[in-house]
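If you want the building blocks of each chain, they are given just below.
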There are 2 protein chains.
Amino acid sequence: MKLYDQQFAPNPRRLRIFMAEKGIECEVVQVNIVAGENLSSDFLEVNPRGRLPTLVLDDGTVLDESLAICRYLEETHPDPALFGSDALSKARIEARQRHMEFDGLLPTAEAFRNSYPGFKKRGVGGNVGEIDAIPELAERGKTMVDRFFHRLDEELGESRYVAGDDFSVADITALCTIDFATTAARIPFPDQCSNIKRWYDDVSSRSSAKA
Amino acid sequence: MKLYDQQFAPNPRRLRIFMAEKGIECEVVQVNIVAGENLSSDFLEVNPRGRLPTLVLDDGTVLDESLAICRYLEETHPDPALFGSDALSKARIEARQRHMEFDGLLPTAEAFRNSYPGFKKRGVGGNVGEIDAIPELAERGKTMVDRFFHRLDEELGESRYVAGDDFSVADITALCTIDFATTAARIPFPDQCSNIKRWYDDVSSRSSAKA
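What you see is a predicted model; the values in this text were computed from it and never measured. (Residues numbered from 1 in each chain as written. Chains lettered and ligands numbered in written order. Predicted model: local features only at pLDDT ≥ 70, side-chain atom pairs only at ≥ 80, totals over all residues. Heavy atoms only, no water.)

## Points about the overall build of chain A
Scanning chain A for helices and strands turns up seven helices and four strands. Along chain A, helices and strands appear, N-terminal first, in the series β-α-β-α-β-β-α-α-α-α-α. Here the C-alpha atoms of chain A give a radius of gyration of 17 Å, agreeing with the 17 Å that 2.2 N^0.38 yields for 211 residues. For chain A, the spread of C-alpha atoms along the principal axes amounts to about 50 × 45 × 30 Å. For chain A, long-range pairs separated by at least 24 residues make up 66% of all intrachain contacts whose partners lie at least 6 apart in sequence. When the accessible area of chain A is evaluated, it comes to approximately 9,100 Å², of which 49% is carbon and sulfur surface. (Helix = DSSP H or I, 4+ residues; strand = E, 2+ residues; numbered from the N terminus. Rg over C-alpha atoms; globule rule 2.2 N^0.38 Å. Contact = heavy atoms within 4.5 Å. Areas by Shrake-Rupley, 256 points an atom, 1.4 Å probe, with all protein chains shown as cover.)

## Examining the interface of chain A and chain B
With 47 residues of chain A at the interface, the matching set in chain B holds 47 residues. For the pairing of chain A and chain B, the buried interface totals around 3,900 Å² over both sides, and the portion due to carbon and sulfur atoms is 57%. The largest share of the area that chain A buries against chain B comes from A:R49, A:R98 and A:R140, three residues that together contribute 17% of it. At the boundary of chain A and chain B, one finds 12 salt bridges. For the salt bridge of A:R98 with B:E65, the shortest nitrogen-to-oxygen distance reads 2.6 Å. There are 24 residue pairs in polar contact (both at pLDDT 80 or more) connecting chain A and chain B. Contributions of two or more residues to the side of chain A that touches chain B are made by α3 (66-76), α4 (87-113) and α5 (135-155) of chain A. It is α4(A) that contributes the most residues to the side of chain A that touches chain B, 15 residues altogether. Split into classes, the residues belonging to the side of chain A that touches chain B amount to 18 nonpolar, 10 polar and 19 charged. (Buried area = accessible area lost by both parts, 1.4 Å probe. Salt bridge = Lys/Arg side-chain N within 4 Å of Asp/Glu carboxyl O. Polar contact = N/O pair within 3.5 Å; in protein donor to acceptor, adjacent residues only side chain to side chain. Nonpolar A, V, L, I, M, F, W, Y, C, P; charged D, E, K, R; others polar.)

## Describing the pattern of salt bridges
Overall, the coordinates contain 36 salt bridges over all chains when judged by the stated rule. The shortest N-O distance in the salt bridge between A:E110 and A:R140 comes to 3.8 Å. Taken together, the residues span a long stretch of sequence, with A:E110 in helix α4 and A:R140 in helix α5 at a distance of 30 residues. Judged on exposure class, the residue A:E110 and its partner A:R140 are both buried. Among the charged side chains, a network of salt bridges with common partners joins A:R49, A:D64, B:R96, B:D103 and B:E155. (Buried < 20%, exposed > 50% of the residue type's maximum accessible area, 1.4 Å probe, protein only.)

## Examining the sheet that holds strand β4 (residues 62-63) of chain B
Here we have four strands laid out as an open sheet, ordered β2-β1-β3-β4 (chain B), and mixed in their pairing. The sheet is open, and its two borders are formed by β2 (27-30) and β4 of chain B, each paired with just one other strand. (Pairing = 2+ DSSP bridges.)

## Considering the packing of aromatic side chains
Going through the model one piece at a time under the given rule, you end up with 19 aromatic pairs over all chains. Note on B:F112 and B:F180: the rings are 5.3 Å apart at their centroids and 75 degrees apart in plane angle, and the pair reads as edge-to-face. On the criterion of sequence distance, the pair formed by B:F112 in helix α4 (residues 87-113) and B:F180 in helix α6 (residues 169-182) is long-range, its members being 68 residues apart. Taken together, the ring pairs in this structure connect A:F112, A:Y116, A:F119 and A:F180 into an aromatic cluster. Its guanidinium or amino end placed over the ring of A:F83, A:R71 lies 4.2 Å from that ring's centre, counting from NZ or CZ. (Phe/Tyr/Trp six-rings, centres within 6.5 Å; stacked < 30°, edge-to-face > 60°. Lys NZ or Arg CZ within 6 Å of the ring centre and 35° of its normal.)

## Some thoughts on helix α5 (residues 135-156) of chain B
Between the first and last C-alpha of α5(B) there are 31 Å, a value that for 22 residues agrees with the 32 Å anticipated at 1.5 Å per step. Taken residue by residue, α5(B) has B:L137, B:A138, B:R140, B:G141, B:M144, B:V145, B:F148, B:F149, B:L152, B:D153 and B:L156 as its buried positions. For α5(B), the elements touching its buried residues are α5 of chain A together with α4, α6 and α7 (194-204) of chain B. (Expected span 1.5 Å × (residues − 1).)

## Regarding the sheet that holds strand β3 (residues 54-56) of chain A
Strands pair in a sheet through their backbones, by hydrogen bonds, and they do so in one of two ways: parallel or antiparallel. Residue and element names in this part refer to chain A. In space, the four strands of this open sheet follow the order β2-β1-β3-β4, with mixed pairing throughout. Edge strands, defined here as strands with exactly one partner in the open sheet, are β2 (27-30) and β4 (62-63). Two elements, β3 and β4, share two bridges in a ladder whose sense is antiparallel. Bridging across to β4, L55 finds its partner in L63.

## A word on the relation of the copies chain A and chain B
Note on the copies: chain A fits chain B at an RMSD of 0.0 Å, the axial shift is 0.0 Å, and the rotation between them is 180 degrees. The superposition of one copy onto the other is thereby described by a two-fold rotation axis. The C-alpha atom lying nearest the rotation axis in chain A is that of A:L137; the distance is 3.9 Å. Comparing interface residues between copies, 100% of those in chain A also lie at the interface in chain B; the contact surface is shared. (Least-squares fit on C-alpha atoms with pLDDT ≥ 70 in both.)

## Some words on unusual backbone geometry
All names here are of chain A. The residue after L52, namely P53, is reached through a cis peptide bond having omega 0 degrees. One can find P53 in the loop between α2 (41-46) and β3. The peptide bond linking D79 to P80 adopts the cis configuration, its omega dihedral lying at -5 degrees. Among the structural elements, P80 can be located in the loop between α3 and α4. If you check the backbone angles, R186 has positive phi at about 55 degrees while not being a glycine. Considering the arrangement of structural elements, one finds R186 in the loop between α6 (169-182) and α7 (194-204). You can call R186 exposed: its relative accessible area is 74%.

## Some words on the nonpolar core
In this structure, A:F18, A:L73, A:V162, A:I196 and A:W199 are the most contacted members of the largest nonpolar core, which totals 57 residues. Not counting chain neighbours up to four residues away, the residues in contact with A:W199 comprise A:L156, A:R160, A:Y161, A:V162, A:D171, A:A174, A:L175 and A:I178. Counting 56 residues, the second-largest nonpolar core is a separate cluster that includes B:L15, B:A111, B:F112 and B:A163. (Core = buried A, V, L, I, M, F, W, Y, C linked by side-chain atoms within 4.5 Å.)

## Some points on the confidence of the model for chain A
The share of residues in chain A with pLDDT of 70 or more is 100%, and the mean pLDDT across the chain is 97. The ipTM value of the predicted complex is 0.97, and its pTM value is 0.98. (pLDDT = per-residue confidence, 0-100.)

As structure tokens, this is what we get:
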């Protein structure tokens, strides 16, 4: 397998942590999104959508979407299960993963992408043509992330991990969201949220978090 | 089971079509989003996020997210499989479902929500507090939907259904996106896209599409 990766973007990191949890290694090629390498003709030949991460299997099959790649690896490397093990835990983890993604990662990405000077004409990621950044959307993103933090803090008062008693893909999405928010999007860590802090110290001390 | 539903919103319809494909019926309660019933204290007691659809199982367990509910039903009613049957088809369908969702349904929803007069202070769905609509985001949504249609038309030139030879949850997301775009978001049907037209006639003639 060959992984097209980008060190600082949140979606490639979600996959790297997922792979580290399962002990999966493969050849890695770095693609610089800020420099526009994901929109180069060489990379678009691999993935016409121009998105990262992208995984190419040994038979040439291209998997072009982060969660789809995670699901493929969950099927081929089931241990440890990161998407749940029965109907209810699978549903619960899917719900929580998507809460983290739509309520947390998406507004974080909007806050970054619509304020970063290099993305003035790349307001939407990938190979979608020019799209002007919308400064109001960056502000809205920050507001939404603040509300997301407060809800997540309440929820983490009820359970050790984002989707219950077990570490799952939902924790990976939440961790990548917070780290991307506090670095790229310049949103302060929610120090007043003690449950998030307890959970963050826990999950970020796993060796996979270095991925 | 009891389903909290809304007749005109795209996410509840995705679930209704999914259930119709599997022949699943249950008690249904209508919740009027435009009138704000999803933000009433009665409904927030069921689902604090104020989102639809919401499914309450017979033991009282609440599933509060559309795709998570679909995955639960896929596990408990596996026939016909709508999320794939092996590692590769599951990955392919997940990728295509998410392409339809992020590239199609999300900008369609942005186009509607940020231009509909009743949602001036409800720019983001669910129980997230007041968020001003952003008119520029409605315009961007229309542009993105137009580009989405052109890419989808090319892709449907290569396969009968959105994720390959078999009808799947990716088709359901795409169908609900197009119908919501052409009605609520007032985006014209892409008549010039002959592959979309062929596919649309096919999937919208299934009896599940009436759901």
